[in-house]
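Remarks on the overall topology
Here is what each chain is made of, one letter per residue.
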Amino acid sequence: MIGLISATAAGAAARDRLAAARPDRTRVYEGPVGDAVRAAFAECEQLVCFLATGAVVRLIAPLLGDKTTDPGVVCVDEGGRFAVSLVGGHGGGANELAREVAELLGAEPVVTTATDAVGLAGLDTLGLPVEGAVAAVSRALLDGEPVALEAESNWPLPALPVAARGAYTIRVTDRAVEPGEREVVLRPPSLVVGVGASRGAPVEEVLELVEGALRDAGLSPASLAELATVGAKADEPGIVRAAERLGVPLVTYSAEELAAVDVPNPSAAPLAAVGTPSVAEAAALVRGGELLVPKRKSAATPAMATCAVVRRPARGRLAVVGLGPGARDLLTPRAEAELRRASVLVGLDQYVDQIRDLLRPGTRILESGLGAEEERARTAVAEARKGQAVALIGSGDAGVYAMASPALAEASDDIDVVGVPGVTAALAAGALLGAPLGHDHVCISLSDLHTPWEVIERRVRAAAEADLVVTFYNPRSRGRDWQLPKALAILAGHREPATPVGVVRNASRPDESARVTTLAGLDPATVDMMTVVTVGNTATREIAGRMVTPRGYRWQEEPK
């Protein structure tokens with residue numbers, strides 16, 4: 001919960017705007033400011049104070065305890081010009097909160113955390129438990145000193161400017177090692193503990209068994225990702241409470257799924273009880289991995305619990321990111337976040353140039369020219385399979401005539417895939433033209449490089465007969481100058497010559513142009529590959545120079 005505190009009418013107005021925008025996440029604190037700050041500090045994860053920075057400093061100074069547990073605090077000035085991350089930039093999430101508040105209020109975020117200021121990923125913001133000399137290693141990264149990355153398995157981390165060797169080290173391991181004076185240890189969620197238990201097994205017995213298995217194997221409990229068991233034990237109190245106390249999810253599988261897993265130590269007892277010859281080992285191994293601790297029983301007499309420990313391999317991450325039509329303000333915040341999360345960027349060189357300034361230091365860029373879409377898709381998937389965090393970029397929406405389909409055709413279930421939508425050309429063009437897509441519409445690419453013209457022509461005819469608004473992508477190039485006239489002729493067989501047609505070139509870019517003409521008046525020679533052509537249906541009209549397609553099937557009669 002975010003506590004909101006203000007002292008003046010101007011501050012209250014901005015406070016109420018934020019509260020209205022985030023009603024489920026915010027709580028307004030009324031009354032004397034000092035009392036309100038103290039109450040919010042004790043009850044909330046974050047605070048936004050619409051007060052002078054100096055006043056907030058004095059109010060929270062006696063309340064500060066530990067940077068890992070204190071709430072994040074953001075100050076907003078009376079004029080609503082700045083949102084200042086004051087305390088808990090990383091641990092309390094104040095840096096991100098300052099950016100969010102600034103976006104909502106039209107203010108400027110002020111973030112002074114050193115790593116954020118220069119675009120470095122904070123070691124305590126990577127989403128992994130971190131131990132060791134975070135400040136010293138972060139300072140070394142900031143100062144350009146060589147910092148080595150020692151990863152026992154590749155994990156999809158954001159870009160870090162690391163070297164092969166260095167006086168400072170970032171180690172990624174699930175082993176129970178103590179970090180050195182110049183070392184940070186990141187704990188990946190790589191360990192899965194399979195658990196079986198008799199009815200009524202005490203939570204203490206399950207916990208002692210799990211913690212002992214990790215300790216004896218020299219493994220860190222901070223890398224425990226989940227407990228796993230058979231579905232019949234999904235409500236077993238000892239197992240459920242053990243997962244809660246360990247702070248990990250409890251995952252269950254059916255007896256049939258577990259019975260299909262080859263295990264080294266099957267037993268007749270669980271087969272008779274729950275229908276599978278193994279619970280602990282099978283539940284840990286069902287999604288693959290290396291068995292580090294074979295089935296072991298708890299120390300109680302009689303033993304009421306069993307467990308096994310598996311290390312799962314790191315899964316790479318592929319984000320397929322749509323950059324929008326070109327304007328920076330049409331690049332979505334989610335797309336920007338994915339670009340900053342990536343350690344490897346794959347894309348067309350001209351698209352890479354659009355967002356190069358958003359990439360973190362250390363990002364590896366794999367760029368290529370026009371016509372290499374399938375090769376870029378293969379490259380991106382191959383990098384993800386190495387355990388990297390990869391962003392594959394495309395213009396517009398990556399799923400519309402762009403990189404998502406070739407990438408997903410290459411990808412299998414051994415990597416995580418995230419799709420990030422973008423503003424596609426039809427939408428950007430439609431916004432400039434008016435409302436041509438107000439009713440049913442279709443997008444058709446006229447490029448026959450990947451699709452036979454016979455197929456394209458059949459689709460154009462179907463759209464014409466169905467009276468759909470049609471947006472043509474890739475309408476005309478130097479080597480393909482006859483397809484657009486042919487497509488327009490097909491539409492002309494079903495629509496009047498005066499049907500409005502919108503022609504938009506380089507939508508949202510500095511040299512954008514948009515005009516409305518007619519089906520009979522469009523000269524195909526004025527169209528190129530940077531152009532989107534939208535042909536209205538029989539209901540589309542030009543009103544005040546704009547294309548409008550009504551939401552209803554007929555125009556209402558004008559009032560008399």
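For the structure, see preceding data.
Comments concerning unusual backbone geometry
Residue Pro302 follows Thr301 across a cis peptide bond; omega there is -5°. Tracing the sequence through the fold places Pro302 in the loop between β14 (290-297) and β15 (305-311). With a phi close to 75°, Ser508 is a non-glycine residue in the positive phi region. Locating Ser508 in the fold gives a position in the loop between β24 (500-505) and β25 (513-518). Positive phi values are uncommon outside glycine, yet Ala544 reaches one of about 55°. Look at Ala544 and you get exposed, because its relative accessible area is 68%.

Focus: the nonpolar core
In terms of nonpolar packing, the biggest core is built from 23 residues, with Val193, Val195, Val206, Val210, Leu214, Leu227 and Val309 touching the most fellow members. For this core, the secondary structure elements donating two or more residues are β11 (191-197), α7 (203-216), β12 (224-230), α8 (237-246) and β15. Looking at which element gives the most residues to this core, the answer is α7, with seven residues. Leaving out residues up to four positions away in the same chain, Val309 has contacts with Val192, Val193, Ala213, Leu214, Leu219, Glu290, Leu291, Leu292 and Val293.

Topic: the environment of Glu30
Within the secondary structure, Glu30 is located in the loop between β2 (26-28) and α2 (33-43). Judged by its relative accessible area of 59%, Glu30 is exposed. C-alpha of Glu30 to C-alpha of Ala12: the two residues are 18 residues apart in sequence and 10.0 Å apart in space.

Structural notes on the pattern of salt bridges
Throughout the structure, instances matching the rule amount to 32 salt bridges. A salt bridge links Asp35 to Arg38; the nearest nitrogen and oxygen atoms lie 2.6 Å apart. Placement of both Asp35 and Arg38 in helix α2 is noted, with a separation of three residues, approximately one turn of the helix. Among the ionic pairs, Arg356 bridges to Asp353, the shortest N-O distance being 2.6 Å. Connected via shared salt-bridge partners are Arg15, Asp16 and Glu30.

Brief notes about the packing of α7 against α8
In contact at an axis separation of 8 Å, α7 and α8 are set at 55° when each is read in the N-to-C sense. Taken as axis vectors, α7 and α8 run oblique relative to one another. Remark: the crossing between α7 and α8 carries right-handed chirality. Residue-level inspection shows Val203, Glu204, Val206, Leu207, Val210 and Glu211 of α7 in contact with α8, the latter providing Gly238, Arg241, Ala242, Arg245 and Leu246. Residues belonging to the contact of α7 with α8 are distributed by class as follows: six nonpolar, one polar and four charged.

Quick word on the sheet that holds strand β1 (residues 2-6)
Read across the sheet, six strands follow the order β2-β1-β3-β4-β5-β6 without closing on themselves; strand pairing throughout is mixed. The open sheet has two free edges, formed respectively by β2 and β6 (108-110), since each of these has just one partner strand. Between one strand axis and the next, the sheet turns by 25° as a mean value, whatever way the strands run. Note that strand β5 (residues 82-87) and β6 share three bridges and pair parallel.

Thoughts on the packing of aromatic side chains
Any aromatic ring pair is given by two values, namely how distant the centres are and how the planes are angled relative to each other. The tally for this structure, following the rule as stated, stands at two aromatic pairs. Plain terms: the ring middles of Tyr401 and Tyr473 are 4.8 Å apart, the flat faces sit at 50° to each other, and that makes the pair tilted. Of this pair, Tyr401 sits in the loop between β19 (389-394) and α15 (404-410) while Tyr473 is found in strand β23 (residues 469-473), placing the two residues 72 residues apart along the sequence. On the basis of an interplanar angle of 70° and a centroid distance of 5.0 Å, the ring pair of Trp453 and Trp482 is categorised as edge-to-face. One end of the pair, Trp453, is in helix α17 (residues 453-465); the other, Trp482, is in the loop between β23 and α18 (483-492), with 29 residues separating them in the sequence.

Structural notes on α18
All buried positions along α18 are accounted for by Gln483, Leu484, Ala487, Leu488, Ile490 and Leu491. Along α18, the residues classed as buried sweep out an arc of 155° about the axis, all on the same side. Next to the buried residues of α18 lie α17, β23 and β26 (531-535).

Some thoughts on the sheet that holds strand β27 (residues 541-543)
Backbone hydrogen bonds are what pair the strands of a sheet, in a parallel or an antiparallel way. Taken together, three strands build an open sheet; the order of strands is β21-β28-β27 and the sheet is mixed. Here the strands that pair on one side only, and so sit at the sheet edges, are β21 (434-435) and β27. Relative to strand β28 (residues 546-548), β21 is paired through two bridges, and the arrangement is parallel. By the bridge assignment, Gly434 is partnered in β28 with Met547.

A closer look at the side chain of Gln483
When you line up the elements, Gln483 lands in helix α18. Once residues lying within four places of it in the same chain are set aside, the contact partners of Gln483 are Leu446, Asp448 and Trp453.

Quick word on helix α14 (residues 373-385)
Spacing of three or four residues puts side chains on the same side of an α-helix, whose turn is 3.6 residues. Across its 13 residues, α14 extends 19 Å between first and last C-alpha, which sits within 8% of the 18 Å expected from 1.5 Å per residue. Here α14 has its buried residues at Arg376, Ala377, Ala380, Val381, Glu383 and Ala384. Buried residues of α14 fall within an arc of 160° about the axis and therefore sit on the same side. Backbone geometry just after α14 places Gly387 at a positive phi near 95°.

About the cut-offs
- Residues numbered from 1 in each chain as written.
- Predicted model: local features only at pLDDT ≥ 70, side-chain atom pairs only at ≥ 80, totals over all residues.
- Heavy atoms only, no water.
- Helix = DSSP H or I, 4+ residues; strand = E, 2+ residues; numbered from the N terminus.
- Buried < 20%, exposed > 50% of the residue type's maximum accessible area, 1.4 Å probe, protein only.
- Core = buried A, V, L, I, M, F, W, Y, C linked by side-chain atoms within 4.5 Å.
- Contact = heavy atoms within 4.5 Å.
- Salt bridge = Lys/Arg side-chain N within 4 Å of Asp/Glu carboxyl O.
- Axes fitted to C-alpha atoms, helices over the stretch in contact; angles between N-to-C directions.
- Parallel < 35°, antiparallel > 145°, perpendicular 65-115°, else oblique.
- Left-handed = near helix turned anticlockwise from the far one by under 90°.
- Nonpolar A, V, L, I, M, F, W, Y, C, P; charged D, E, K, R; others polar.
- Pairing = 2+ DSSP bridges.
- Phe/Tyr/Trp six-rings, centres within 6.5 Å; stacked < 30°, edge-to-face > 60°.
- Arc of directions from axis to C-beta.
- Expected span 1.5 Å × (residues − 1).

As far as function goes, none of this settles anything; it's purely spatial.
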